[in-house]
Amino acid sequence: MGGSGGGIGSLLKVILTNFDVLAGPVVSLVYPLYASIRAIETKSPVDDQQWLTYWILYSMITLFELTFAKLIEWLPFWSYAKLIATCWLVIPYFNGAAYVYEHYIRPYIVQRKAVNIWYVPRKKDFFSKPDDILTAAEKYIQEHGTQAFEEMIHKAEGERKPRTSNYVFYDDDYKY
């Protein structure tokens, strides 16, 4: 009996010392792959956002590792830090990838995205479709969707109309 106990102890020691190597692929690849396939099959955009963002972040981490491989070799804690970060990105309780998207990626993209509502015709080629406002609108709808086009129209209409104030002013000295 003493021999098998030592064998199990040795096996546990190997598993614990190599936990990051064993758990890493499961956490960073196997489960996200499974969850991504499930997300494709649902109609909810929330899980699509979570997993698309995860794969973008996973790609960025992988590129970072490939770029700085020689430096990372000198960091004994790197694999554990990566495993913890990946767990945070992957585990549905945390939804870390969606958090990163909402708080860091989306504000950067939304602020930088300029929508030009003014139509500037391009030069027409002899063989191309006439470049008119309808063609530009169709192209915008194809690229950004109907809802984004409607929001742009409402925004443009709101800028043309005289604005009325919907603000309520409170007098700080008034006793309620």
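Keep in mind the model is a prediction, meaning the values are calculated, not measured.

J.: Provide a residue-level description of the packing of aromatic side chains, including the pertinent values.
T.: In the structure shown here, the tally under the stated rule is 11 aromatic pairs. A centroid spacing of 5.9 Å and a plane angle of 75° characterise the contact between Y31 and W51, whose relative ring orientation is edge-to-face. Highlighted residues: Y31 in helix 2 (residues 19-41) and W51 in helix 3 (residues 45-67), separated in sequence by 20 residues. With a relative accessible area of 7%, W51 lands in the buried category. Look at Y54 and W55: their rings are 5.1 Å apart centre to centre, the planes differ by 75°, and that puts the pair in the edge-to-face class. Among the aromatic residues, ring-to-ring pairing joins Y31, Y34, W51, Y54, W55 and Y58 into one connected group.

J.: Now, about the nonpolar core: what can you tell me, with residues and values included?
T.: A35, A39, W51, Y54, L57, Y58, L89, V90, A97 and V100 together form the largest nonpolar core, which totals 10 residues. Of all the secondary structure elements, the ones that give two or more residues to this core are helix 2, helix 3, helix 5 (78-90) and helix 6 (96-112). Of the residues forming this core, the biggest block, four residues, is contributed by helix 3. Not counting residues within four places of it along the chain, the set of residues in contact with Y58 comprises S28 and L29.

J.: Quick one: what's the story with helix 5, residue by residue and with numbers?
T.: When the terminal C-alpha atoms of helix 5 are compared, their 18 Å separation across 13 residues agrees well with the 18 Å that a helix rising 1.5 Å per residue should span. Within the sequence span of helix 5, burial applies to W78, L83, T86, L89 and V90. In a view along the axis of helix 5, the buried residues occupy a sector of 130°, so they form one face of it.

J.: Pulling in residues and values, what's your account of the side chain of T53?
T.: Within the element layout of this structure, T53 appears in helix 3. Of the residues examined, T53 reaches a relative accessible area of 4% and is grouped as buried. When sequence neighbours within four positions are dropped, the list of residues in contact with T53 reads A97, Y101 and I105.

J.: Can you lay out helix 3 for me, pointing to particular residues and giving the numbers?
T.: Here helix 3 contains 23 residues, and its C-alpha end-to-end distance of 33 Å stays within 8% of the 33 Å for a straight helix at 1.5 Å per residue. What helix 3 keeps buried is the set D47, Q50, W51, T53, Y54, L57, Y58 and E65. For helix 3, the N-terminal cap is S44; the gap from its side-chain oxygen to the backbone nitrogen of V46 is 3.2 Å.

J.: Account for the environment of I37, naming residues and giving values.
T.: Looking at the element boundaries, I37 is found in helix 2. Separated by 14 residues in the primary sequence, I37 and W51 place their C-alpha atoms 9.4 Å from one another.

J.: For the side chain of Q50, give the residues involved together with the corresponding values.
T.: Inspection of the secondary structure assignment puts Q50 in helix 3. Not counting residues up to four positions away in its chain, the partners in contact with Q50 are L89, V90, N95, G96, A97 and A98.

Analysis parameters
Residues numbered from 1 in each chain as written. Predicted model: local features only at pLDDT ≥ 70, side-chain atom pairs only at ≥ 80, totals over all residues. Heavy atoms only, no water. Phe/Tyr/Trp six-rings, centres within 6.5 Å; stacked < 30°, edge-to-face > 60°. Helix = DSSP H or I, 4+ residues; strand = E, 2+ residues; numbered from the N terminus. Buried < 20%, exposed > 50% of the residue type's maximum accessible area, 1.4 Å probe, protein only. Core = buried A, V, L, I, M, F, W, Y, C linked by side-chain atoms within 4.5 Å. Contact = heavy atoms within 4.5 Å. Expected span 1.5 Å × (residues − 1). Arc of directions from axis to C-beta. Polar contact = N/O pair within 3.5 Å; in protein donor to acceptor, adjacent residues only side chain to side chain.

Note that every value here comes from positions in space, so none of it alone points to a role or purpose.
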